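Chain residues, written in single-letter form:
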Amino acid sequence: MNTPVIRPVVLCGGAGTRLWPLSRTHYPKQFLRLVDDFSLLQNTLRRLDGLEGLGVAIAVANEHHRFLVAEQFLEIGLKVEIVLEPAARNTAPAVAAAAMQALREAGEKTSPLLLVLPSDHLIADVTAFRNAVADAIPHAQAGALVTFGVVPDRPETGYGYIRRGDPLAGGHVLDRFVEKPDFATAQSYLQSGDYFWNSGMFLFRADVYLDSLEHFAPDIRTCVAAAVASSRRDLDFLRLDPVAFAASPANSIDYAVMEKTDRGVVVPLDAGWNDIGAWDALATVGQPGTNNNTQRGDVHCVDTRDCVLFSEGRLLATVGVKELIVIATPDAVLVADRTKAQEVKTLVDELKRASRSETEFLHIVHRPWGSYEGVAHGPRYQVKRILVKPGASLSLQKHHHRAEHWVVVKGTAMVVRGDETLLLSENQSTYIPLGVVHRLENPGKIDLEIVEVQSGSYLGEDDIIRLEDSYGR
């Protein structure tokens with residue numbers, strides 16, 4: 001049998017609110033580096049290296065995260081096609097858009113296989129994962145809709161389950177999906193050996209998936225087909241038509257197709273899978289340190305045990321504590337009982353109702369041209385550290401309510417200020433009066449860093465009038 005083309009479809013949605021304060025609305029958990037030097041998103045594709053027949057991946061992403069997704073793949077040198085969802089409609093429409101795009105690009109060739117992968121999961125045993133994919137390929141080529149069932153190692157109540165049916169080569173007939181059970185039921189599932197955790201990962205032919213949608217959820221296929229047909233290119237992104245896509249019913253692959261089909265197959269996956277649903281999950285990943293502590297960053301412990309300790313920058317020191325979660329970022333500190341890790345979501349919901357900005361952005365906010373970081377703020381002023389990548393520039397813009405002072409601390413800045421164009425080097429500065437049109441650009445070969453002092457009656461990010469923008473904002 002010829003090796004088919006496998007198009008990975010990476011689903012880049014998800015909020016990860018239980019991983020606050022590291023995970024934020026505009027920087028959710030798939031972008032975090034939690035266990036090594038790569039983000040969960042980057043590792044989702046890195047673990048595929050070596051799979052035979054691997055084609056260009058398709059990432060389906062929230063429009064607001066588009067530059068983050070592009071930057072993370074650029075960091076690891078991967079070319080990825082990025083499809084932008086104008087609205088959240090769950091996994092069934094997202095994968096339908098990827099399937100239609102993959103078929104459009106395949107032309108008259110055989111339908112590619114789609115390996116559907118959430119972007120925020122951890123898999124410790126990469127070889128076992130690749131072997132499971134290899135076991136699934138013949139079934140998917142033959143027209144089956146394959147899902148991967150995680151072999152459970154405990155009676156978990158936080159996951160849905162899949163019951164296996166008759167055995168097949170490398171897997172089983174998919175008998176049925178089961179909702180999250182209570183503890184006693186989960187224990188019985190574990191003891192029976194007939195149940196797997198639902199991983200949310202799939203392998204199937206693009207045409208078979210779309211035919212299944214046509215049969216079981218035709219409204220989804222119709223709306224997504226219209227959204228793809230009216231899509232447009234924007235830089236390196238494919239933008240789906242917002243009206244047509246928003247008209248699609250919101251549904252998961254499980255509910256829309258997998259629970260109704262008689263072509264389902266489940267392939268066991270025993271590869272150290274973890275969806276990192278909350279901070280306590282990190283305690284089960286890798287090898288715990290001294291006194292069973294899981295720690296990352298600048299952490300120093302005395303008489304501390306069974307804790308999850310993360311620091312983003314500042315020194316985190318503990319004395320005489322146990323079974324705590326302590327997460328320190330420059331703008332927030334979380335202290336929680338390890339047994340209450342799931343309740344972090346409740347805390348975040350309360351903070352959002354209070355309109356706390358700490359739920360929205362990290363202290364470092366990423367933009368297509370670089371990033372900025374809040375340093376200090378007070379009544380009528382705030383200070384930011386701005387980094388602009390070589391060759392990049394901010395939009396040509398003006399502000400109605402604030403003036404800005406810029407000091408170059410590294411690199412070279414080209415500044416448009418009204419009718420002037422200035423070239424500033426390290427230790428030089430300029431002033432942008434209120435209402436004056438301006439632009440900041442890095443013409444050099446190294447990163448440009450400036451310190452910006454804003455002053456005025458209103459300092460919100462929405463006080464930006466863009467006149468020209470390279471990134472279509």
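Look up a bit, the structure's there.
Now for a quick tour of the structure. All of these numbers come straight from a predicted model, not from anything done at the bench. (Residues numbered from 1 in each chain as written. Predicted model: local features only at pLDDT ≥ 70, side-chain atom pairs only at ≥ 80, totals over all residues. Heavy atoms only, no water.)

What follows is about helix α2 (residues 66-75). The set of residues buried in α2 consists of Arg 66, Phe 67, Leu 68, Val 69, Gln 72 and Phe 73. Contacts from the buried residues of α2 go to α1 (40-46), β2 (57-62), β3 (80-85), β11 (237-239) and β20 (364-367). Looking one or two residues beyond α2, the residue adopting positive phi is Gly 77, at roughly 70°. (Buried < 20%, exposed > 50% of the residue type's maximum accessible area, 1.4 Å probe, protein only. Helix = DSSP H or I, 4+ residues; strand = E, 2+ residues; numbered from the N terminus. Contact = heavy atoms within 4.5 Å.)

One pair of aromatic rings is described through two measures. These are the centre distance and the angle between the planes. Under the defined criterion, the tally for this structure stands at 10 aromatic pairs. Arranged with centres 4.9 Å apart and planes meeting at 65°, the rings of Tyr 159 and Trp 197 form a pair that is edge-to-face. In this pair, Tyr 159 sits in the loop between β6 (145-150) and β7 (161-168) while Trp 197 sits in strand β9 (residues 195-205), placing the two residues 38 residues apart along the sequence. Taken as a pair, Tyr 159 and Trp 197 share a single burial class, namely buried. Arranged with centres 6.3 Å apart and planes meeting at 50°, the rings of Trp 197 and Trp 273 form a pair that is tilted. Remark: Trp 273 occurs in strand β13 (residues 273-274) and Trp 197 occurs in strand β9; sequence separation between them is 76 residues. Judged by relative accessible area, Trp 197 falls into the buried class, the value being 2%. You can call Trp 273 buried: its relative accessible area is 9%. One Lys or Arg, Arg 46, reaches over the ring of Phe 38 and ends 3.7 Å from the middle of that ring. Sitting over the ring of Tyr 372, Lys 384 keeps its end group 4.1 Å from the ring centre. (Phe/Tyr/Trp six-rings, centres within 6.5 Å; stacked < 30°, edge-to-face > 60°. Lys NZ or Arg CZ within 6 Å of the ring centre and 35° of its normal.)

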